[in-house]
Amino acid sequence: MAASAAARTIIENCAIATVDANDTEYASGYVVVAGNRIESVGAGKAPDGLDNVVRRIDGTGHLVTPGLVNTHHHFYQWLTRGMATDHNLFNWLVALYPTWARIDEPMVKVAAQGSLAMMARGGVTTAMDHHYVFPKGSGDLSGAVIGAASDMGVRFTLARGSMDRSEKDGGLPPDFAVETLEGALAATEETVRKHHDASFDAMTQVAVAPCSPFSVSTELMKQGAQLARRLGVRLHTHGSETVEEEQFCKELFGMGPTDYFESTGWLGSDVWMAHCVHMNDSNIAAFARTGTGVAHCPSSNARLAAGIARVPDMLKAGVPVGLGVDGTASNESGELHTELRNALLINRLGAHREAALNARQALRLGTYGGAQVLGRADQIGSLEAGKLADLVMWKVDGLGHSTIADPVTAIVFGAAAPVTLSLVNGKPVVEDNHLVTADEDAIARDARAEAQRLARIVAQG
Ligand SMILES: [Zn+2]
């Protein structure tokens, strides 16, 4: 008996921005999904005679784009939103470390569900979590986060973080919030071996991700890079976020962050770094030369008064750049689609003014750029035949958008557009602006209860 063809879903009569290499767009076109892959994309009506069509969707009034790809986040912070709201990075960290050091597995699980739900209902199809707080006896935090993403049906990268430079070693976190060098490396390797999937259509990947120069020893940076390369996975960390970090690096290491990263093996095409706000021309050239990627987090950078990353200069130099929500303790919205708008607006306040970024560049940062920095540009990030079926149908004929003629301008410059449908790996995650893989109200209720439990534990000391 011949194998039956994969089930097909057809979306037609919609505007399409493919975000392929030529920025191909269709004013009215179709997407055919077969199984978990995009089978074809084009102008006009879908081809006749396709068999095994299980669903045919009229996309009138919609723009279809690749699903959004988030490249930097800290899920556990879902329970500590709205705190230390008028602080810079270092003061904010010092204010929050004692609370973060009390997290446990049930808290992290529901925080991951909240973070994932908020992003998914706004068009994110690939999420990531940089988790670096592992209090002793707190349970299987990596497993909790990976399970939450898997249950919600969202493609996911866990950046297994770590901290081993506490106050006693000149670092920023308190002594009780860090792991040992050996413990962090062993736990990271175990997480990669247990959860990382290197296949084309992987739903879960793991990266090696010591937290930052001011919370991690030089030895952990060096051995972390060696571990990642031995295991064949990517490397992620925070870098060049604030002027205070630059001063810290110069005082402790005798060089700025980018030179420090290079000296520890942390520049390369398998590395992506969050923020990269304080970069001079030679730092940007070093990122371009080595293929090091950047997770641009405009709202978090504004919230913590960190500065404006030089995204137009990075793109001009050929640096891969994606977008990041960052943790929701420094970006309470927790949404990525608004970061397209914020990336565009904030960069126009920089040196390049109105020429800094346009709507299509902003959409590319949030889709293909994100896929590039996660090392998955062959699989996701654009709508092309053969790639994985991760896509979003944005409603652009409603109150928020109907008078903006160009649909890409509508979703980038306008209000956050409702998501009529999102597919991840060919399966619906959002329908009619609601999650279909999780109960938003239950998550909101459970997350509030866990946030209150965390606050009680901290208050009891
Ligand atoms: Zn961060």
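Residues numbered from 1 in each chain as written. Predicted model: local features only at pLDDT ≥ 70, side-chain atom pairs only at ≥ 80, totals over all residues. Heavy atoms only, no water.

Side note on the environment of threonine 367
Right, so step 1: Inspection of the secondary structure puts threonine 367 in helix H12 (residues 359–373).
Right, so step 2: Under the relative-accessibility criterion, threonine 367 is labelled buried at 0%.
Right, so step 3: Sequence spacing of threonine 367 and threonine 65 is 302 residues, and the spatial spacing of their C-alpha atoms is 8.5 Å.
Right, so step 4: Aside from chain neighbours lying at most four places away, what touches threonine 367 is Val19, Pro66, Gly67, Leu68, Val69 and Gly381. (Helix = DSSP H or I, 4+ residues; strand = E, 2+ residues; numbered from the N terminus. Buried < 20%, exposed > 50% of the residue type's maximum accessible area, 1.4 Å probe, protein only. Contact = heavy atoms within 4.5 Å.)

Overview of unusual backbone geometry
Right, so step 1: You will see that aspartate 23, though not glycine, has its phi angle at about 55 degrees, which is positive.
Right, so step 2: Relative to the helices and strands, aspartate 23 is located in the loop between strand S1 (8–17) and strand S2 (25–34).
Right, so step 3: When its relative accessible area of 31% is taken as the criterion, aspartate 23 is described as partly exposed.
Right, so step 4: The backbone of alanine 84 shows a phi angle near 45 degrees, a positive value even though the residue is not glycine.
Right, so step 5: Here alanine 84 shows up in the loop between strand S6 (68–69) and helix H1 (89–100).
Right, so step 6: On the basis of relative accessible area, alanine 84 is assigned to the buried category, the value being 19%.

Focus on the pattern of salt bridges
Right, so step 1: What the rule picks out here adds up to 23 salt bridges.
Right, so step 2: Of the charged contacts, one joins glutamate 39 and arginine 8 as a salt bridge, the two residues approaching to 2.7 Å between their closest N and O atoms. With glutamate 39 in strand S3 (residues 37–43) and arginine 8 in strand S1, this residue pair connects regions lying 31 residues apart in the sequence.
Right, so step 3: A salt bridge links arginine 453 to glutamate 450; the nearest nitrogen and oxygen atoms lie 2.7 Å apart. Taken together, the residues arginine 453 and glutamate 450, both in helix H14 (residues 440–460) and three residues apart, mark about one turn of the helix.
Right, so step 4: Accessibility expressed as a relative area gives 22% for arginine 453, which makes it partly exposed. (Salt bridge = Lys/Arg side-chain N within 4 Å of Asp/Glu carboxyl O.)

A look at helix H3 (residues 141–152)
Right, so step 1: The end-to-end C-alpha distance of H3, which contains twelve residues, comes to 17 Å, matching closely the 16 Å that a straight helix rising 1.5 Å per residue would cover.
Right, so step 2: In terms of residue burial, H3 counts as a mostly covered element, since nine of its twelve residues are buried.
Right, so step 3: Inspection of H3 places Leu141, Ser142, Gly143, Ala144, Val145, Ile146, Ala148, Ala149 and Met152 among the buried residues, and these make up the whole buried set.
Right, so step 4: Where H3 begins, one side-chain oxygen reaches toward the backbone nitrogen of glycine 143, 2.9 Å away; that side chain belongs to aspartate 140.
Right, so step 5: Glycine 153, located one to two residues past H3, shows a positive phi value of around 80 degrees. (Expected span 1.5 Å × (residues − 1). Polar contact = N/O pair within 3.5 Å; in protein donor to acceptor, adjacent residues only side chain to side chain.)

Focus: the packing of aromatic side chains
Right, so step 1: Using the criterion set out here, one finds ten aromatic pairs in the structure.
Right, so step 2: Summarising the aromatic geometry, the rings of phenylalanine 75 and phenylalanine 156 are spaced 5.8 Å apart at their centres and angled 25 degrees between planes, so their arrangement reads as stacked. Taken together, the residues phenylalanine 75 in the loop between S6 and H1 and phenylalanine 156 in strand S8 (residues 155–162) connect sequence positions 81 residues apart. The two residues phenylalanine 75 and phenylalanine 156 agree in class, both being buried.
Right, so step 3: Ring geometry for tyrosine 76 versus tyrosine 132: centroids 5.8 Å apart, planes at 85 degrees, classification edge-to-face. Here tyrosine 132 lies in the loop between strand S7 (124–131) and H3 and tyrosine 76 lies in the loop between S6 and H1, a separation of 56 residues in the sequence. (Phe/Tyr/Trp six-rings, centres within 6.5 Å; stacked < 30°, edge-to-face > 60°.)

As for the coordination of the zinc ion
Right, so step 1: Protein coordination at the zinc ion: the donors are His72 (NE2), His74 (NE2), His238 (NE2) and Asp326 (OD), at 2.1 to 2.4 Å from the metal.
Right, so step 2: In primary sequence terms, the donor set of the zinc ion follows H-x1-H-x163-H-x87-D.
Right, so step 3: The exposure class assigned to histidine 74 is buried, which follows from its relative accessible area of 2%. (Donors = N, O, S within 2.8 Å, 3.2 Å for Na, K, Ca; no water.)

Let's talk about the pairing of S8
Right, so step 1: For S8, a buried count of eight out of eight residues is recorded, marking the element as mostly surrounded by other parts of the structure.
Right, so step 2: Burial along S8 is two-sided: the face carrying Arg155, Thr157, Ala159 and Gly161 and the face carrying Phe156, Leu158, Arg160 and Ser162 are both buried.
Right, so step 3: Direction of pairing for S7 relative to S8: parallel, over a ladder of six bridges. Along S8, the bridge assignment pairs histidine 131 with arginine 160.
Right, so step 4: You can see the chain leave S7, run along H3 and come back into S8, and the turn it takes is right-handed.
Right, so step 5: Pairing between S8 and strand S9 (residues 204–210): seven bridges, direction parallel. Within S9, the residue paired with threonine 157 across the bridge is glutamine 205. (Pairing = 2+ DSSP bridges. Right-handed = clockwise from strand over helix to strand, strands pointing away.)

Overview of the domain arrangement of the protein
Right, so step 1: Under the domain assignment, the protein is made up of domain 1 (3–66 + 387–435) and domain 2 (68–373).
Right, so step 2: For domain 1 and domain 2, the distance between their C-alpha centres works out to 30 Å.
Right, so step 3: At the interface, 33 residues of domain 1 touch 28 residues of domain 2.
Right, so step 4: On the surface where domain 1 and domain 2 come into contact, there are four salt bridges.
Right, so step 5: Measuring nitrogen to oxygen at the nearest pair gives 2.8 Å for the salt bridge that ties aspartate 390 to arginine 155.
Right, so step 6: Taken together, domain 1 and domain 2 are joined by eight residue pairs in polar contact (both at pLDDT 80 or more).
Right, so step 7: Elements with a contribution of two residues or more to the side of domain 1 that touches domain 2: strand S5 (62–66), strand S14 (391–395), helix H13 (407–413), strand S15 (419–424) and strand S16 (427–431).
Right, so step 8: If you tally residues by element for the side of domain 1 that touches domain 2, the top one is H13, at five residues.
Right, so step 9: Of the residues assigned to the side of domain 1 that touches domain 2, the class counts are 20 nonpolar, six polar and seven charged. (Domains from an automatic or database assignment. Nonpolar A, V, L, I, M, F, W, Y, C, P; charged D, E, K, R; others polar.)

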